[in-house]
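Secondary and tertiary structure notes
Chain residues, written in single-letter form:
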Amino acid sequence: MASPNILFALWVTQPIIQAAIAAVLYHRKLHKEFPAFFAYVVAQLPIFGIEFLVHLYWASHYFNVYWSLAALNLVLSFRIIHEIFLDVFKPYHALRDLGTALFKWAAIIMVLISVALIAISPSWEDPLANSILVVQRCVQVVQCGLVVFLLAFCSNLGVSWRRLSFGIALGFGLISGSDLISSALYSGKRMQTPTAQLAIMIAYGVGMLILLTYSLANRRSDMVPVLVPQRWDEALMDIQPPQAEADSLIPMFEHMVDQALSKTNNTHA
């Protein structure tokens, strides 16, 4: 059984580590390279202050405040995933554009899922909180998948495990994985609430320490294009229409849609 004092101590140490991360990022000017990650770390400080005050003086409102702020963290977390993707594929402009388009559609789909869950689940005690929880789980799965992807393909992509983007993915992947596993064990009644909270708190602290370590140890280095992803990038560039702008895949998508529509019209003619 986890002591409430231990949980409280782990909770109040979080903003200390986050403030240190923010200071290191700003001092080393890494906040310009990873603005979403920097925004997330900085945002945690007022979020902790709000939650701490509500927990002490307005405990009955803590649930609503927590989930409202969780929605903000979701947006920031999703932007961090996109930011890592852009850094990993920095030498490959076409792949970056394709990834940006896919991330935008993924964000729209997650919002639609949330709205649909609110509409079709009137039996939930708090449909908004449960919808946020579902989207949160989706983002956590993506974060874990990103870590697996980088571990499996970092050598193929030319990504060093010492790179800050790798450390960000590793830190958030550890936090998300622990949250998913603890929640699953708790839902299956294989873990008590205090134990689950302790596991999540410890994993979050370790994840933040990983982020701090990578922020301190990071050395800027340009990525050199690797043969296989460079071929993917060139293949995407080849299917762009000639009049397309060099730095965007949107004209390519429009061109593909126009071709599909013209074929359909010719079929029905």
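Residues numbered from 1 in each chain as written. Predicted model: local features only at pLDDT ≥ 70, side-chain atom pairs only at ≥ 80, totals over all residues. Heavy atoms only, no water.

A closer look at the overall build of the protein chain
Counted only if it meets this: In this description a helix means any DSSP run of H or I spanning at least four residues, a strand means any run of E spanning at least two, and both kinds are numbered starting from the N terminus. Residue burial is assigned from relative accessible area. The probe radius is 1.4 Å, only protein chains are included, and a residue is buried under 20% of its type maximum, exposed over 50%, and partly exposed in between. Any pair of residues with heavy atoms lying within 4.5 Å of one another is described as a contacting pair. What sets the accessible areas is the Shrake-Rupley method with a 1.4 Å probe; for residues, cover comes only from the shown protein chains.
When helices and strands are counted, the protein chain shows nine helices and zero strands. With 269 residues in all, the protein chain has 40% of them scored as buried. For the protein chain, contacts bridging at least 24 residues in sequence account for 73% of all contacts bridging at least 6. Carbon together with sulfur atoms contributes 67% to the accessible area of the protein chain, which is approximately 15500 Å² in total.

A short note on the side chain of Gln-18
Secondary-structure assignment places Gln-18 in helix α1 (residues 4-27). According to the relative accessible area criterion, Gln-18 is buried, its value standing at 3%. In contact with Gln-18, not counting residues within four places along its chain, are Val-41, Gln-44, Leu-45, Tyr-204 and Met-208.

Re the packing of aromatic side chains
Definition in use: Stacked, edge-to-face and tilted are the three classes for Phe, Tyr and Trp ring pairs, Trp counted by its six-membered ring, which pair at centre distances within 6.5 Å; planes under 30 degrees apart are stacked, over 60 edge-to-face, the rest tilted.
Going through the model one piece at a time under the given rule, you end up with 11 aromatic pairs. An angle of 65° between the planes, with centres 6.3 Å apart, marks the rings of Phe-63 and Trp-67 as edge-to-face. Here Trp-67 and Phe-63 lie together in helix α3 (residues 62-88), a separation of four residues that amounts to about one turn. Taking relative accessible area as the criterion, Phe-63 reaches 45% and is therefore assigned partly exposed. Members of the aromatic cluster, joined through ring pairs, are Phe-8, Trp-11, Phe-48 and Phe-52.

Some details on unusual backbone geometry
The phi torsion at Lys-29 lies on the positive side, around 60°, for a residue other than glycine. As for its position among the elements, Lys-29 is in the loop between α1 and α2 (35-57).

Brief notes about the pattern of salt bridges
Where side chains of opposite charge bring their charged atoms close, a pairing between them can arise. Put simply, the rule reads: For this analysis, a salt bridge means a side-chain nitrogen from Lys or Arg found within 4 Å of a carboxyl oxygen belonging to Asp or Glu.
Tallied over the full model, the rule gives two salt bridges. In this structure, Asp-87 and Arg-163 form a salt bridge, with 2.8 Å as the shortest nitrogen-oxygen distance. Remark: Arg-163 occurs in the loop between α5 (127-157) and α6 (164-187) and Asp-87 occurs in helix α3; sequence separation between them is 76 residues. Where Asp-179 meets Arg-137, a salt bridge forms, and the shortest distance between an N and an O atom there is 3.9 Å. Here the residue Asp-179 occupies a position in helix α6, and Arg-137 occupies one in helix α5, the gap between them amounting to 42 residues.

A short note on the packing of α2 against α3
Rule in force here: Interaxial angle, 0 to 180 degrees, is taken between N-to-C directions of lines fitted to C-alpha atoms, where a helix line uses only the stretch in contact. Working definition: roughly parallel below 35 degrees, roughly antiparallel above 145 degrees, roughly perpendicular at 65 to 115 degrees, and oblique for all remaining angles. Residues were grouped as follows: Ala, Val, Leu, Ile, Met, Phe, Trp, Tyr, Cys and Pro as nonpolar; Asp, Glu, Lys and Arg as charged; and all remaining residues, including Gly, as polar.
At a closest axis distance of 10 Å, the pairing of α2 and α3 adopts a crossing angle of 170°. Taken together, the axes of α2 and α3 lie roughly antiparallel to each other. Along its contact with α2, which presents Pro-35, Ala-36, Phe-37, Ala-39, Tyr-40, Ala-43, Gln-44, Ile-47, Ile-50, Glu-51, Val-54 and His-55, the element α3 presents Tyr-62, Val-65, Tyr-66, Leu-69, Leu-72, Asn-73, Leu-76, Ser-77, Arg-79, Ile-80 and Glu-83. Split by residue class, the contact of α2 with α3 holds 16 nonpolar, four polar and three charged.

A closer look at a nonpolar patch on the surface
Note the following rule: Note that patches include only residues with greater than 30% relative accessible area and no salt bridge, and the join distances are 9 Å for like charges and 5 Å for nonpolar side chains (Val, Leu, Ile, Met, Phe, Trp, Tyr).
Among the surface-exposed residues, Leu-53, Leu-56, Tyr-57 and Trp-58 lie close enough to one another that they form a single nonpolar patch of about 470 Å² accessible area. Relative to the helices and strands, Tyr-57 resides in helix α2.

Some thoughts on the confidence of the model for the protein chain
The condition is simple: By definition, pLDDT measures how confident the predictor is in each residue, and it falls between 0 and 100.
Chain-level pLDDT for the protein chain is 76 on average; 67% of the residues reach the 70-or-more range. Ranking the elements of the protein chain by mean pLDDT puts helix α8 (residues 227-238) last with 50 and α2 first with 93. Below pLDDT 50 for its whole length, residues 223-229 participates in 19 contacts with residues either more than four positions away or in separate chains. Contacts of residues 242-249 to residues separated by more than four positions or lying in other chains number 12 contacts, the stretch itself having pLDDT below 50.

Here's the deal with the nonpolar core
For clarity, the threshold we go by: Buried Ala, Val, Leu, Ile, Met, Phe, Trp, Tyr and Cys residues that are joined via side-chain atoms within 4.5 Å together make up what is termed a nonpolar core.
Among the nonpolar cores identified, the biggest contains 45 residues, and Ile-21, Phe-37, Ile-80, Ile-84 and Ile-168 are the most heavily contacted of them. Secondary structure elements with two or more residues in this core: α1, α2, α3, α5, α6 and α7 (193-217). At 11 residues, α3 tops the list of elements feeding residues into this core. Setting aside chain neighbours within four positions, we find Phe-37 in contact with Ile-21, Leu-25, Ile-80, Glu-83, Ile-168, Phe-172, Leu-211 and Ser-215.

Structural notes on the environment of Ser-165
Here Ser-165 shows up in helix α6. Ignoring sequence-local partners within four residues, the contact set of Ser-165 consists of Phe-34, Ile-84, Asp-87 and Val-88.

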